[in-house]
Amino acid sequence: MIRSGVKAALGAVGAMALCGAALAAEAPVQQTLYRHASLIDGTGGPVRPGMSVLVSGERIAAVAPDAGLAAPPGARIVDLAGKYLTPGLIDSHEHLATPPNRRTAEANMRRDLYGGVTAIRDMADDLRSVGELARESRAGEVPAPDIFYAAVMAGPSFFVDPRTHAISLGVEPGHSPWAQAIDETTDLKTAVTLAKGTSATAIKIYANLPGDLVAKIAAEAHRQGMAVWTHSAIFPATPAEVLDARPDVISHTCYMAYQVVGVPASYQARVRIDPKPFPNASGGAPNPVMAGLFARMQAQGTLLDPTLRVYAEDAKRFAANPKGKPPMCDLDLAAALTRQAFQAGVPLSTGTDGIAPASDPWPTVYEEIALLVDKAGLTPAQAIHAATEVGAKAAAQDKDMGTIAPGKLANLIVLARDPTADIANLKSLELTVKRGRAYPRANFKPPTAADLKDAP
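Note that this is a predicted model, so its numbers are computed, not measured. (Residues numbered from 1 in each chain as written. Predicted model: local features only at pLDDT ≥ 70, side-chain atom pairs only at ≥ 80, totals over all residues. Heavy atoms only, no water.)

Description of the side chain of Gln397
Point 1. With respect to the element layout, Gln397 can be found in the loop between helix H14 (389–394) and strand E15 (412–415).
Point 2. Overall, Gln397 belongs to the buried group, its relative accessible area being 15%.
Point 3. Polar side-chain contacts of Gln397 include one of 3.3 Å to the backbone oxygen of Ala395. (Helix = DSSP H or I, 4+ residues; strand = E, 2+ residues; numbered from the N terminus. Buried < 20%, exposed > 50% of the residue type's maximum accessible area, 1.4 Å probe, protein only. Polar contact = N/O pair within 3.5 Å; in protein donor to acceptor, adjacent residues only side chain to side chain.)

Quick notes on the environment of Ala150
Point 1. Within the secondary structure layout, Ala150 lies in strand E8 (residues 146–154).
Point 2. Accessibility expressed as a relative area gives 0% for Ala150, which makes it buried.
Point 3. Taking C-alpha positions, Ala150 is 9.2 Å from Thr198, a pair spaced 48 residues apart along the chain.
Point 4. Leaving out residues up to four positions away in the same chain, Ala150 has contacts with Asp122, Ala124, Leu127, Ala200, Ala202, Ile203, Lys204 and Trp229. (Contact = heavy atoms within 4.5 Å.)

What about the confidence of the model for the protein?
Point 1. Chain-level pLDDT for the protein is 93 on average; 93% of the residues reach the 70-or-more range.
Point 2. Here residues 1–24 is a poorly scored stretch, pLDDT under 50, and it has 46 contacts once near neighbours within four places are set aside; other chains count. (pLDDT = per-residue confidence, 0-100.)

A word on the state of the cysteines
Point 1. Per the stated rule, a full pass over the model turns up one disulfide.
Point 2. Here Cys254 is linked by a disulfide to Cys329, with a sulfur-sulfur distance of 1.7 Å. Placement of Cys254 in the loop between strand E13 (249–251) and helix H8 (258–261) and of Cys329 in the loop between helix H10 (308–320) and helix H11 (331–343) is noted, with a sequence separation of 75 residues between them. Of the two residues examined, Cys254 and Cys329, each falls in the buried class. (Disulfide = S-S within 2.5 Å.)

Structural notes on the packing of helix H12 (residues 365–374) against helix H13 (residues 380–387)
Point 1. Running from N to C, H12 and H13 cross one another at 140 degrees; their axes reach a closest spacing of 9 Å. In terms of axis orientation, H12 runs oblique to H13. Both H12 and H13 take part in a crossing whose hand is right-handed. On the side of H12, the interface is formed by Ile369, Leu372 and Val373, while H13 contributes Pro380, Ala383, Ala386 and Ala387.
Point 2. Broken down by class, the residue content of the contact of H12 with H13 amounts to seven nonpolar, no polar and no charged. (Axes fitted to C-alpha atoms, helices over the stretch in contact; angles between N-to-C directions. Parallel < 35°, antiparallel > 145°, perpendicular 65-115°, else oblique. Left-handed = near helix turned anticlockwise from the far one by under 90°. Nonpolar A, V, L, I, M, F, W, Y, C, P; charged D, E, K, R; others polar.)

What follows is the structure, given as structure tokens:
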């Protein structure tokens, strides 16, 4: 049962109309004091009972034990006795506009937000659409997480991919500021400047580039103050050459296995990864080549976005159609390599790279978090850390989000049960707070199949 303080806080919001894409959220009040919470602050530390969090506008003003934080005059008080308060979750790998479809994007973002996701790392799309979605979310015009997005760069031969055509309507693929074909003749200073002009905060280096050019792109992006997000193999650039470029985050654990089995000449030439050179996928010793890669990642602070959900979905498709094309990588191998990376000290984020069907009322990131626990061996507390503080670092937004601390954005979720005891307790969510605005789970309008008709 929700206690009276929470009932009062949510009741005013529940009275507001919810129609179409209109915002169904409480306008932020000047100050709100959340009292008597069991606090999971996002740093990976233990649960702290009896804590209070004071929110002023869109930011956290103070965090202290109940006895040490008095309610300011006029502040609204929300009683969270028996509840758990954690940072908002972060999905570090989504695609909101490949191809652009506002209805689909808004339905998915609404499910994300009302399911506790307060920020998204968008990993290359039609940025004309994503930029407007990001603006509307930031202004509170639609119920959605904040969006931080990348412009994509790849070799010219990659731009035969139909997805590059889907994000480039009206522009020749490879010749837009948000999706550029790069070769040895490209003026990289201009290319990165054009990408930055889209309001992207990162460059995503995708495919069909040699190692020396990957390094040059990364260096110029960093010089201009942009983050660098890459695939873990760029084809023909090897995982080792990708790490030479010192990216901030790399995606897709299994691509790293190409360092052992051989990197195909292009993205289009990818082949299934033989699990035999990786005994840890079946309970044996870790592969020493992979150990070397993960040690380098840990030493230089490169984060890993494993996307285990991708491999789980591929396994489901193949199980449903065994005569079809087998997965590029087995889930057990992906999980074993992810576990090896984590045990080597590589920080993991929680990226999904996909959208769940309308029949699932919860954000897709819940699947990734559960896979990190069930398949990669993280504890629930470690998986929550991956979805909060590490996710914020992956999005290059850790100064503003990812932990519950004074000065950070008031991105919070309220749970009825302890998620560190059982990660499934994330689904006891009662309230999301994003930038001080309250989004009660009771107000969630689930997406329909028509809403998500373009979802995979």
